[in-house]
Amino acid sequence: MSTNETMINRYERAFMNTFGAPQLALTRGEGAYVWDADGKRYLDLLGGIAVNALGHAHPAIVGAVQAQVGTLGHISNFFTSTPQVELGEKIQDVFAQSGYERPVKVFLTNSGTEAVEAALKIVRLHKPGGRILALTHAFHGRTFGALTLTDKPAIKDQFAPLAGTVEFVEPTARDLDAAFAGGNVAAIFMEPIQGEAGVMPLPDGLLSHARALCDAAGALLVIDEIQTGIGRTGQWLASRGVQADVVTLAKGLGGGFPIGACVGAGAAGELFTPGSHGSTFAGNPVASAVALATLMQVEALLTHVHDTGLWLRSQLEAAGYEVRGSGLLLAIGVHDSTRVRDELLTKGFITNAPNPHTIRLAPPLIVSESDLAPFTALMAERSHEFQEA
Ligand SMILES: Cc1ncc(COP(=O)(O)O)c(C=O)c1O
């Protein structure tokens, strides 16, 4: 039995079966590559599902963790720390750079789903009893509130009754108009690109349309940038050009360290008062120091992400594939995504299959054309086979 197989067997004996059997046991990573327990190298085209913005073992992250954990590791929210304050100010700067005119305020969390929970509480405070809308095929997380906003019967129906009622609306201007016409809307939650649904970008102009509807209805526009934010699409926020009332962030924010944020603009950033929300670990100095280091690095990578994403897309399109997404969050249309994902894995490429006909790529933002070239060559070589039944 290989070391990989032994580790996977031990994993299965120790852990609840929420994820199925792991595909590999990984032992180390460097840049855009990881190595499995048997020493085989893989190009990580998934980046921990759009998380490892700086790849693996980036010196800025290693340095930030080491320095902070050796100085001040955890303090509770009765106190603050320099990295927490600097992170909050840097997130404000990210929003100012993204065109936000109103001042924003930040609530730090430990994950994406917790950022969505915070957003939901803000929505309740904004308009108690108001209707909450989300888009069909949305994914906003798995805790009870976020699960209520997630439109995936297979993962939610077994947990009914959920935490309130959410109405799911098709992502078209006409359907949004009809939903708002019913009155008393407190908020609409939207992902600029629906990542878990298979990297489905919203129709052009839909976010601005929703902004106008929210303004007219006194409703909050909540944009979930957990998968798309922090440079993933080649700009800080994929929703650039539209100013939300609340934005949720996580994944790439910590470059691999667990941290998220719920960001409120204007009045939405002032609704929480002492006691209305909290979390023991949120804003932990180590997580804050790592996120701050990540943001500083990502700032210098935005153009690289844009250019590399365009190059990758053009290579795949030239090979005959349908490609969706933006920057380094891309989907490739294939006939049988699980088969293609498994085959790519045997060839040393980590990808995933969010739906039966989609391969998702969300590599580290530092990935280069020369890292990607063997992958695009293989995709070109197997184009017919991967796209046909
Ligand atoms: C858009 C979006 N929202 C929320 C979440 C939940 O984040 P987490 O898994 O960190 O709880 C995800 C995770 O995939 C996501 O893609």
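Placed above this text is the structure.
A quick note: this is a predicted structure, and the numbers were derived from the prediction, not measured. (Residues numbered from 1 in each chain as written. Predicted model: local features only at pLDDT ≥ 70, side-chain atom pairs only at ≥ 80, totals over all residues. Heavy atoms only, no water.)

Asker: What should I look at first to understand the sheet that holds strand β7 (residues 185-190) in this one?
Answerer: The strands making up a sheet associate through hydrogen bonds between their backbones, and the pairing can be parallel or antiparallel. Overall, mixed pairing links the seven strands, which are arranged β4-β12-β11-β10-β7-β5-β6 in an open sheet. Each edge of the open sheet carries a strand with a single partner, namely β4 (104-109) and β6 (166-169). Strand-to-strand, the axes of this sheet are offset by a mean angle of 20°, without reference to chain direction. Running at roughly 160° to β7, helix α5 (residues 112-126) makes contact with β4, β5 (131-135), β7, β10 (220-224), β11 (246-249) and β12 (260-265) of the sheet. Helix-sheet contacts for helix α9 (residues 206-217) involve β7 and β10, and the interaxial angle to β10 is about 150°. (Pairing = 2+ DSSP bridges. Helix = DSSP H or I, 4+ residues; strand = E, 2+ residues; numbered from the N terminus. Axes fitted to C-alpha atoms, helices over the stretch in contact; angles between N-to-C directions. Contact = heavy atoms within 4.5 Å.)

Asker: Could you clarify how one ought to interpret the layout of surface pockets in this entry?
Answerer: Where empty space is left in the structure can be found by rolling a water-sized probe over the atoms. In this structure, the second largest pocket encloses a volume near 700 Å³. Looking at the second largest pocket, it is lined by 28 residues, and the ones nearest its centre are Asn77, Gln84, Val106, Phe107 and Leu108. At the level of secondary structure, the elements contributing two or more residues to the lining of the second largest pocket comprise α4 (82-97), β4 and β12. The biggest single contributor to the lining of the second largest pocket is β4, with four residues. Taken together, the residues that form the lining of the second largest pocket break down as twelve nonpolar, 14 polar and two charged. (1 Å grid on protein atoms, 1.4 Å probe; cavity = no way out; pocket = protein on both sides within 12 Å on 5 of 7 lines; lining within 4 Å. Points joined across faces, edges and corners; volume = space filled by probe spheres on them. Nonpolar A, V, L, I, M, F, W, Y, C, P; charged D, E, K, R; others polar.)

Asker: Would you mind going over the site of the ligand with me for this structure?
Answerer: In the vicinity of the ligand, the residues found are Ser111, Gly112, Thr113, Phe139, His140, Gly141, Glu191, Glu196, Asp224, Ile226, Gln227 and Lys251. One nitrogen or oxygen atom from the side chain of aspartate 224 is found 2.7 Å from a nitrogen atom belonging to the ligand. Within the contact set of the ligand, an oxygen atom lies 2.8 Å away from a side-chain nitrogen or oxygen of glutamine 227. For the ligand, whose accessible area on its own is 390 Å², the fraction buried by protein is 82%. Per-class residue counts for the shell around the ligand are two nonpolar, six polar and four charged. (Near = heavy atom within 4 Å. Polar contact = N/O pair within 3.5 Å; in protein donor to acceptor, adjacent residues only side chain to side chain. Areas by Shrake-Rupley, 256 points an atom, 1.4 Å probe, with all protein chains shown as cover.)

Asker: Teacher, can you tell me more about the pattern of salt bridges here?
Answerer: A side chain with one charge may pair with a side chain of the opposite charge, provided their charged atoms come close. With the rule as written, the count across this model stands at 15 salt bridges. Glutamate 343 is the salt-bridge partner of arginine 382, the closest N and O atoms lying 3.0 Å from each other. Here the residue arginine 382 occupies a position in the loop between α13 (369-381) and α14 (383-387), and glutamate 343 occupies one in helix α12 (residues 337-346), the gap between them amounting to 39 residues. Comparing arginine 382 with glutamate 343 shows no difference in burial state: the two are buried. (Salt bridge = Lys/Arg side-chain N within 4 Å of Asp/Glu carboxyl O. Buried < 20%, exposed > 50% of the residue type's maximum accessible area, 1.4 Å probe, protein only.)

Asker: How should the sheet that holds strand β2 (residues 33-36) be read in this particular structure?
Answerer: Overall, mixed pairing links the four strands, which are arranged β1-β2-β3-β15 in an open sheet. Both edges of this open sheet fall to β1 (26-30) and β15 (349-350), since each of them pairs with a single strand only. Sheet topology note: the strand β3 (residues 41-44)/β15 ladder contains two bridges and is parallel. The partner of leucine 43 across the bridge, within β15, is phenylalanine 349.

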